[in-house]
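As a plain string of letters, each chain reads:
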Amino acid sequence: MQFMLLFSRQGKLRLQKWYVPLSDKEKKKITRELVQTVLARKPKMCSFLEWRDLKIVYKRYASLYFCCAIEDQDNELITLEIIHRYVELLDKYFGSVCELDIIFNFEKAYFILDEFLLGGEVQETSKKNVLKAIEQADLLQEKTEHVSARVSLGVRKRTRICAGVLTCIKM
Amino acid sequence: MVPQLVHILRTLVTTGYSTEHSISGVSDPFLQVQILRLLRILGRNHEESSETMNDLLAQVATNTDTSRNAGNAVLFETVLTIMDIRSAAGLRVLAVNILGRFLLNSDRNIRYVALTSLLRLVQSDHSAVQRHRPTVVECLREPDGSLSRRALELSLALVNSSNVRAMTQELQGFLESCPPDLQADCASGILLAAERFAPTKRWHIDTTLRVLMTAGTHVRDDAVANLTQLIGGAQELHAYSVRRLYSALAEDISQQPLVQVAAWCIGEYGDLLLEGSCEETEPLQVEEEEVLALLERVLQSHMSLPATRGYALTALMKLSTRLRGDNNRIRQVVSVYGSCLDVELQQRAVEYNTLFRKYDHMRAAILEKIPLVERGGSQADEEAKESKETAQLSEAAPVPTEPQASKLLDLLDLLDGPSGDAQHPPPLDPTPGGALIHLLNLPCAPPPPAPIPNLKVFEREGLQLNLSFVRPPGTRTLLLITVTATNTSGGDVTHFICQAAVPKSFQLQLQAPSGDTVPAQGGLPTTQLLRILNPKKAPLRLKLRLTYNHFGQSVQEIFEVNNLPVETWQ
């Protein structure tokens, strides 16, 4: 896979993951053109189209378009499955995912995508493992937050104790 | 490594089943697809690995559940793998059948994928794909753009001599209803297929006509040239084509290629149009005035391109000799366009005007029917072919150019008329008359004495040209000609160059002349040796071209040598 884009029906980009090195300008240009092309497609048309020298596989879920660009030798049907698997993962994680979830928790969406795909290829075919990895990452995040919260609290306590001791000494 | 992969895939397909890895009954399709891809890369051009994989691929192909997309994805990957490795014939047939089944699937995506793969297969397994032709043609009628484009490409690839009529019918139907961006491809595809597989000339003309009428603006540029050449070659169909073109033109003058071809045809065969009945179309009573009116309409219409106008003007001119009535109307039109803003039209009109006024006696000869042009020839003057007074014309008004700016009439082709060779003529210089040298390396041999009589071929103002022939006894196909130029006049002939041309089946070699000046008063004659090889023992025809300066004038003469003795080529 060369890149994956998620955008809404109004053409606003919600998620972009690039597996090929391109300059920012090129990325923007490609995004603009592709969004226009895909949004112009009628609902009954097939999910594949030829664009430049790439094959584009897209699928619409509610108000979001999931769009992947694959190379000539890739299998289009399995790409549809990849898109579907990703949506299932998001669904499982967020619990009945909707566009808002992705807007507000976009970094989680990226994490899940990175656990599932690496360098454009599927790296973990088991749903459970992906979700487990994300859960572990979440736990780690919470623990560190907790610890840092306690540390900042502890620092304040200690400064108060010191201040108290100082005042005692003064007095 | 291949056996291990095969083993893994086999266990996966037959026994391995875990809910978290599988999708709707197909165990771990991602892994399966990746293994199949790896097998494809390993098996390409490698007999051993391909053989190891054969059974497994057959097993996967038959056991995979195809009710859901995951199964279809695995199946598709299997088909791709079978296509790429050195698989057994039975396996390839299985692959084509799977693709055929995909074609019948109601899911558009699957059909798209099937069409794409069949396109790749059609080169190698043509007959297997032919069986699915009806389904492919069905897909042409899809409203979806990408699907119909794939179907179009595949249909064009499937056309062959047995199904060309039916397929062209379908494709023409498609052409009428398809979106504009596909029209160009469809039109050129139909024309190409018609060229390759046309069963009869009449069918070919009909098909091309229909394509031009439906999608005229999208055809390729050389469609006009091809069609004119085709019509020119089909002598028996002249009347038929001119009638069809006339009726088509009368209906609609906006499709430029059609108008161009129609104008050319009416100009060439206008007399056939007015004759009356033709058994292949309905009787069409056409008056001279109608024809002229139509051509004038084309000339004046703002939809006509400048090239089209040129065609129409030349056609009008040709009609002046073909029609029996008087030419006043034509003369009027021609003189009006003498002051047209478009330079090309103005030039033509002025030349034609001059033709009416000063050279009326030559008009009939100049505007005779064009002989058939070889495909891929180069540009030359029409006058040099039709009129005998070449020298006079080259001094007179500038020569009107043939509207088909891309074709040349090769001088060599004239000689080749009866034998009808299909080779391409060698490229000619753009100078009037063109160079006639056709050189090939031949081994030298001394000329032995010969009993063939000499031939005097040319005489003008004291300059004489004689040919003497020698047939060396050793080689039955070789002929040596010595060209001798003698000058009995008062002035020297300088810069004398003699060139020769022979039909294509002959090989000619000119050796250097003894000099390029023929001194006056019967001085030393100039000789030049020609070697002609005649492997096919065909009748010899020889055309000579002379250029020289005599009495301060530069003279150019082109003539064919008649009365060649039979012994020269038998």
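Structure: above.
Just so you know, these numbers come straight off a predicted model, no measurement behind them.

Peer 1: Explain the packing of aromatic side chains to me, and be specific about the residues and the numbers.
Peer 2: Residues and elements named next belong to chain A. Overall, the coordinates contain ten aromatic pairs over all chains when judged by the stated rule. Considering the side-chain rings of Y58 and Y65, the 6.4 Å spacing of their centres and the 45° angle between planes classify their relative orientation as tilted. Here Y58 matches Y65 in class, with each residue buried. Both rings, one in F66 and one in Y86, keep their centres 6.4 Å apart while their planes meet at 75°; by these two values the pair is edge-to-face. Of this pair, F66 sits in strand β5 (residues 64–70) while Y86 sits in helix α2 (residues 76–94), placing them 20 residues apart in sequence. For Y86, a relative accessible area of 1% puts it in the buried group.

Peer 1: Tell me about a nonpolar patch on the surface, residues and numbers included.
Peer 2: All names here are of chain A. A cluster of nonpolar side chains, contributed by I161, V165, L166 and I169, occupies part of the molecular surface with about 410 Å² of accessible area. Among the structural elements, I161 can be located in helix α5 (residues 127–170). Under the relative-accessibility criterion, I161 is labelled exposed at 55%.

Peer 1: Please provide a residue-by-residue account of the interface of chain B and chain A, values included.
Peer 2: Each partner contributes to the interface: chain B provides 26 residues, whereas chain A provides 25 residues. For the chain B and chain A pair, buried surface summed over both sides reaches about 2,300 Å², with 53% attributable to carbon and sulfur atoms. Connecting chain B to chain A are two salt bridges. Note that R150 of chain B and E50 of chain A form a salt bridge whose closest N and O atoms lie 2.7 Å from each other. The set of elements that each furnish at least two residues to the side of chain B that touches chain A consists of α2 (29–43), α4 (69–84), α6 (108–121) and α9 (145–158) of chain B. Sort the elements by how many residues they give to the side of chain B that touches chain A and α2 of chain B lands first, with seven residues. Counted by class, the side of chain B that touches chain A contains ten nonpolar, eight polar and eight charged residues.

Peer 1: Outline the pattern of salt bridges, supporting the account with residue identities and numerical values.
Peer 2: Applying the stated criterion to the full structure yields 19 salt bridges over all chains. For D114 of chain A, the salt bridge goes to K17 of chain A, with nearest N and O atoms at 3.1 Å. Placement of the pair is D114 of chain A in helix α4 (residues 106–116) and K17 of chain A in strand β2 (residues 13–18), with a sequence separation of 97 residues. Across the pair E560 of chain B and R541 of chain B runs a salt bridge whose closest N-O atoms are separated by 3.5 Å. Taken together, the residues E560 of chain B in strand β8 (residues 553–561) and R541 of chain B in the loop between β6 (526–533) and β7 (542–550) connect sequence positions 19 residues apart. The exposure class assigned to E560 of chain B is partly exposed, which follows from its relative accessible area of 31%. Judged by its relative accessible area of 22%, R541 of chain B falls in the partly exposed class. Look at the salt bridges and you will find they share partners, linking R40, R44, E77 and D84 of chain B into a network.

What counts, and at which threshold
Residues numbered from 1 in each chain as written. Chains lettered and ligands numbered in written order. Predicted model: local features only at pLDDT ≥ 70, side-chain atom pairs only at ≥ 80, totals over all residues. Heavy atoms only, no water. Phe/Tyr/Trp six-rings, centres within 6.5 Å; stacked < 30°, edge-to-face > 60°. Buried < 20%, exposed > 50% of the residue type's maximum accessible area, 1.4 Å probe, protein only. Helix = DSSP H or I, 4+ residues; strand = E, 2+ residues; numbered from the N terminus. Patch = residues over 30% accessible without salt bridge, like charges linked within 9 Å, V, L, I, M, F, W, Y side chains within 5 Å. Areas by Shrake-Rupley, 256 points an atom, 1.4 Å probe, with all protein chains shown as cover. Salt bridge = Lys/Arg side-chain N within 4 Å of Asp/Glu carboxyl O. Contact = heavy atoms within 4.5 Å. Buried area = accessible area lost by both parts, 1.4 Å probe. Nonpolar A, V, L, I, M, F, W, Y, C, P; charged D, E, K, R; others polar.

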